[in-house]
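Single-letter residue listing:
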Amino acid sequence: MAGLLGGLPDAVLSVAYLVAATLFILGLREMTHPRTAMRGNLISAAGMLLAVGITVLWFEILSPLVLFAALLVGAAIGTWLATSVETTQMPQLVGLFNGFGGGASALVAGAELIDLFGAGGAAKVAAYDVTGAAAVAGVVGAVTFTGSLVAAGKLHGYVEAPIRYPGEQTVKAGVLLVCVAVAAVLVGRPAGVAGALTADWVPAYWGLLVAASVLGVLLVVPIGGADMPVVIALLNSLSGLAAATTGFVLDNSVLIIAGTLVGASGMILTTIMCRAMNRSLRNVLVGGLGDTRAGDVADIYEGNIMSTSPEEVAMLLETARRVVIVPGYGMAVGQAQHAVAELAAMLGEAGVEVAFGIHPVAGRMPGHMNVLLAEADVPYEQMEELEAVNPTFADTDVVIVTGANDVVNPTALSDEPSPIQGMPILRVWEADVVVINKRSLSHGYAGIPNPLFTYDNTYMLFGDARESMQALANEYKATR
Amino acid sequence: MAFVENLTLFVLAAFVGYEIITKIPATLHTPLISGANAISGITLIGSVLVAGSGSTTLATVLGFVAVVMATINVVGGYLVSHFMLRRFGRRRED
């Protein structure tokens, strides 16, 4: 079979795939700096265009209409989603895209199996590595698909609370066992059941997809909002691995290389997120939080809370020389990034040194705060990572915490067991004054009180993040 | 032994990926995720083959759905990354 370019030697196709893979790697390398990252993304997109373009031109397309219709529909939906969704909804959109990639991989592996089985009959097809890879691609792809849909739904607020139920782990383990069993049938094709389960349309594979889809839902449903950065990173990794294993099924080099790059990328992010919470991946997936919640909570706050007003904070800022702003998910929810950015810009103009202290797991996906702030025109030079900003708190006059809680909770440093014990946190209290903007004294995701609220140099600025930050910006503007 | 060759690619790509991705600053992690996401849409190649050359109706239907999904992933992923990175790349004009 041959397409437009099909008359050329096979090596041409392989070289084109090699160039595409190289462009992916170069593109990722350019992403190591904010200034070159945009170019990196374009280089990577060029690699994709090359890989897809040559594939379309190379092979004989039996039903070009179907293919181009599908490409058009996909491109239209993708463009529409990317352009119509607001920055604040980015986490769920990214989750959704992840899922589509995984789902596509699972379908492709299945369709290829149908081709193989249909062409040769169950007895002829063979290679265990192909059926094995297809089984892995199917499971990983389907888990990625349904897991991402659930994650996106959670991030969008359809199901906010983690859903727990008795026997949860047993149910998950059971479904996993079903997956393994069906996969074993698919790969091993034991005599007896083989005929029925490995007919032309490969029922065993679709059974596997159903089981894996259920597993994907079960895995993500019990996970709470603040653990979402881990889930998003993990699903990202899985979507890459699904593509890579599909590459094994199709014996296609660029699929393997590109998929593996993504798999590695997602895995690294997953590790970073877990480390930033001092929890293992297993602990996050099994849902470790929630058992150690403290009962009598308000007691430590009784009579120890000092509240303040935007006017007072503006006065503090007047004499400050270095100010650090610590944003959290509350800033995203309240869409306070523009007010915060306005304040930071005014401080900068007044000669105050301004930095943003950003915890790795602040928000709902890795780098969430940075994207919001960048959207509000905060220069990336002002965004400092945990390790960089922590030593500077001692030289900081005012810290403004807005919408963050657990990531500034000193309980993490104490020996007492707590859900956040050992978690790296921002040591904001080392600054002269800490202003905490929060709607109430309610707990963060970890469900424990925060002694920082009672510290002598801590002032609570109660209120919605956007309103408070806007009021503060206005007050500060008035003092100048 | 296609399998062993493929495995070789897999292992080497994993190391390359590890070396590069660890150098990407936290501030770019969201665009990285959506950009990497778009790369995982490389499965589109497989979808194209299946949709275009599927010998049975079932394979063609599966291929159609797969192409739509993978294209959403590729186009949406790159675009979202692009929009985000556009905000990072530029500098404040004062």
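The rules behind these values
Residues numbered from 1 in each chain as written. Chains lettered and ligands numbered in written order. Predicted model: local features only at pLDDT ≥ 70, side-chain atom pairs only at ≥ 80, totals over all residues. Helix = DSSP H or I, 4+ residues; strand = E, 2+ residues; numbered from the N terminus. Buried ≥ 20, exposed ≤ 12 C-beta atoms within 10 Å, placed from the backbone. Contact = placed C-beta atoms within 7 Å. Axes fitted to C-alpha atoms, helices over the stretch in contact; angles between N-to-C directions. Parallel < 35°, antiparallel > 145°, perpendicular 65-115°, else oblique. Left-handed = near helix turned anticlockwise from the far one by under 90°. Core = buried A, V, L, I, M, F, W, Y, C linked by C-beta atoms within 7 Å. Domains from an automatic or database assignment. Nonpolar A, V, L, I, M, F, W, Y, C, P; charged D, E, K, R; others polar. Pairing = 2+ DSSP bridges. Expected span 1.5 Å × (residues − 1). pLDDT = per-residue confidence, 0-100.

With respect to the overall build of chain B
And then number 1: A tally of regular secondary structure across chain B gives four helices and zero strands.
And then number 2: In terms of overall dimensions, chain B has a C-alpha envelope of 60 × 30 × 15 Å along the principal axes.
And then number 3: When each of the 94 residues of chain B is scored for burial, the buried share is 63%.
And then number 4: Taking the intrachain contacts of chain B between residues at least 6 apart in sequence as the baseline, contacts between residues at least 24 apart amount to 59%.

A closer look at the packing of helix α5 (residues 128-156) of chain A against helix α6 (residues 168-188) of chain A
All names here are of chain A.
And then number 1: Contact geometry of α5 with α6 gives a least axis separation of 9 Å together with a crossing angle of 155 degrees. Comparing their axes, α6 and α5 come out roughly antiparallel. Our pair here, α5 against α6, has a crossing hand that is right-handed. From α5, Tyr128, Thr131, Gly132, Ala135 and Val139 reach across to α6, where they touch Cys179, Ala183, Leu186 and Val187.

Points about the nonpolar core
And then number 1: Ranked by size, the top nonpolar core spans 203 residues in total, and within it Leu208, Ala258, Val399 and Val435 of chain A together with Ala66 and Val67 of chain B carry the most contacts.
And then number 2: No other element matches the 17 residues that helix α4 (residues 57-89) of chain B contributes to this core.
And then number 3: Leaving out residues up to four positions away in the same chain, Val435 of chain A has contacts with Thr308, Val313, Val398, Val399, Ile400, Val401, Tyr459 and Leu461 of chain A.

Section: the domain arrangement of chain A
Residues and elements named next belong to chain A.
And then number 1: When the domains of chain A are assigned, the result is domain 1 (1-84), domain 2 (96-286) and domain 3 (298-479).
And then number 2: Averaged C-alpha coordinates put domain 2 and domain 3 at centres separated by 39 Å.
And then number 3: Listed by partner, the interface residues are 14 residues for domain 2 and ten residues for domain 3.
And then number 4: Of the residues contributing to the side of domain 2 that touches domain 3, the split by class is eleven nonpolar, three polar and no charged.

Here's the deal with the sheet that holds strand β1 (residues 322-327) of chain A
All names here are of chain A.
And then number 1: Taking strand neighbours across the sheet as the criterion, the six strands line up as β3-β2-β1-β4-β5-β6 in an open arrangement whose pairing is parallel. Because the sheet does not close on itself, it has two edges, and the strands there are β3 (383-385) and β6 (458-462). Within the sheet, the average angular offset between the axes of one strand and its neighbour, ignoring direction, is 25 degrees.
And then number 2: Examined bridge by bridge, strand β2 (residues 353-358) and β3 share three bridges and lie parallel to one another. The residue of β3 that forms the bridge with Gly357 is Glu384.
And then number 3: Against the sheet, helix α15 (residues 368-375) engages β1, β2 and β3, with an angle of about 145 degrees to β2.

Examining the interface of chain A and chain B
And then number 1: Across the contact, 97 residues belong to chain A and 79 residues belong to chain B.
And then number 2: Contributing elements (two or more residues each) for the side of chain A that touches chain B: α1 (10-30), α2 (34-58), α3 (64-84), α4 (90-120), α9 (228-250), α10 (253-276), α15 and β3 of chain A.
And then number 3: Tallied by class, the residues present in the side of chain A that touches chain B amount to 60 nonpolar, 27 polar and ten charged.

A look at helix α1 (residues 2-21) of chain B
And then number 1: A rise of 1.5 Å per residue sets the reference length of α1 of chain B, with its 20 residues, at 28 Å; its end C-alpha atoms lie 28 Å apart and thus fit the reference within 8%.
And then number 2: If you follow the buried residues of α1 of chain B, they end up packed against α1, α9 and α10 of chain A.

What about unusual backbone geometry?
All names here are of chain A.
And then number 1: The backbone of Asp251 shows a phi angle near 55 degrees, a positive value even though the residue is not glycine.
And then number 2: Among the structural elements, Asp251 can be located in the loop between α9 and α10.
And then number 3: For Asp251, a count of 17 C-beta atoms within 10 Å puts it in the partly exposed group.
And then number 4: Within the chain, Gln335 stands out as a residue other than glycine whose phi angle is a positive 55 degrees.
And then number 5: With respect to the helices and strands, the residue Gln335 is situated in the loop between α13 (329-334) and α14 (337-349).

Side note on the pairing of β6 of chain A
All names here are of chain A.
And then number 1: Most of β6 sits inside the fold, with four of its five residues counted as buried.
And then number 2: Note: strand β5 (residues 433-438) against β6, five bridges, orientation parallel. Across the sheet, residue Val434 finds its bridge partner in β6, namely Thr458.

Side note on the environment of Leu42 of chain A
And then number 1: Relative to the helices and strands, Leu42 of chain A resides in helix α2.
And then number 2: Sequence separation between Leu42 of chain A and Phe24 of chain A is 18 residues, and the spatial gap between their C-alpha atoms is 9.7 Å.

Some remarks on the confidence of the model for chain B
And then number 1: In the predicted model, chain B carries a mean pLDDT of 87, and the fraction of residues at 70 or more is 90%.
And then number 2: If you check the scores for this complex, the pTM reads 0.89 and the ipTM reads 0.93.

Brief notes about helix α3 (residues 43-53) of chain B
And then number 1: Here α3 of chain B lies mainly inside the structure; ten of its eleven residues are buried.
And then number 2: Along α3 of chain B, the residues classified as buried are Thr43, Leu44, Ile45, Gly46, Ser47, Val48, Leu49, Val50, Ala51 and Gly52 of chain B.

Observations concerning the packing of α1 of chain A against α1 of chain B
The geometry of a pair of packed helices is captured by two quantities: the angle between their axes and the separation between those axes.
And then number 1: Where α1 of chain A meets α1 of chain B, the axes come as close as 9 Å, and the angle between the chain directions of the two elements is 20 degrees. It follows that α1 of chain A is roughly parallel to α1 of chain B by the angle criterion. At the point where α1 of chain A passes α1 of chain B, the crossing takes the right-handed sense. Counted together, Ile25, Leu28 and Arg29 of chain A of α1 of chain A and Val16, Ile20 and Ile21 of chain B of α1 of chain B form the full contact between these two elements.

A word on the pairing of strand β4 (residues 398-402) of chain A
Each regular strand carries side chains that alternate between the two faces of the sheet.
Residues and elements named next belong to chain A.
And then number 1: With five of five residues buried, β4 is to be regarded as a mostly interior element.
And then number 2: Burial along β4 is two-sided: Val398, Ile400 and Thr402 and Val399 and Val401, pointing in opposite directions, are all buried.
And then number 3: The sheet contact formed by β1 and β4 spans five bridges and is parallel. Within β4, the residue paired with Val324 across the bridge is Val399.

Brief notes about the confidence of the model for chain A
Regions with low pLDDT carry predicted coordinates that are not meant to be interpreted in detail.
And then number 1: With 92% of its residues at a pLDDT of 70 or more, chain A shows a mean pLDDT of 88.
And then number 2: Low pLDDT (under 50) marks residues 290-295 of chain A, which in the prediction has seven contacts with non-local residues, meaning those over four places away or in another chain.

Focus on the environment of Val428 of chain A
All names here are of chain A.
And then number 1: Following the sequence through the fold, Val428 ends up in the loop between β4 and β5.
And then number 2: Taking C-alpha positions, Val428 is 9.7 Å from Thr458, a pair spaced 30 residues apart along the chain.
And then number 3: Those residues within four positions of Val428 in sequence are excluded, and the remaining contacts are Val326, Phe393, Val399, Val401, Val408 and Val434.

Some thoughts on the environment of Phe145 of chain A
And then number 1: Assignment of secondary structure puts Phe145 of chain A in helix α5.
And then number 2: Sequence spacing of Phe145 of chain A and Ser253 of chain A is 108 residues, and the spatial spacing of their C-alpha atoms is 23 Å.

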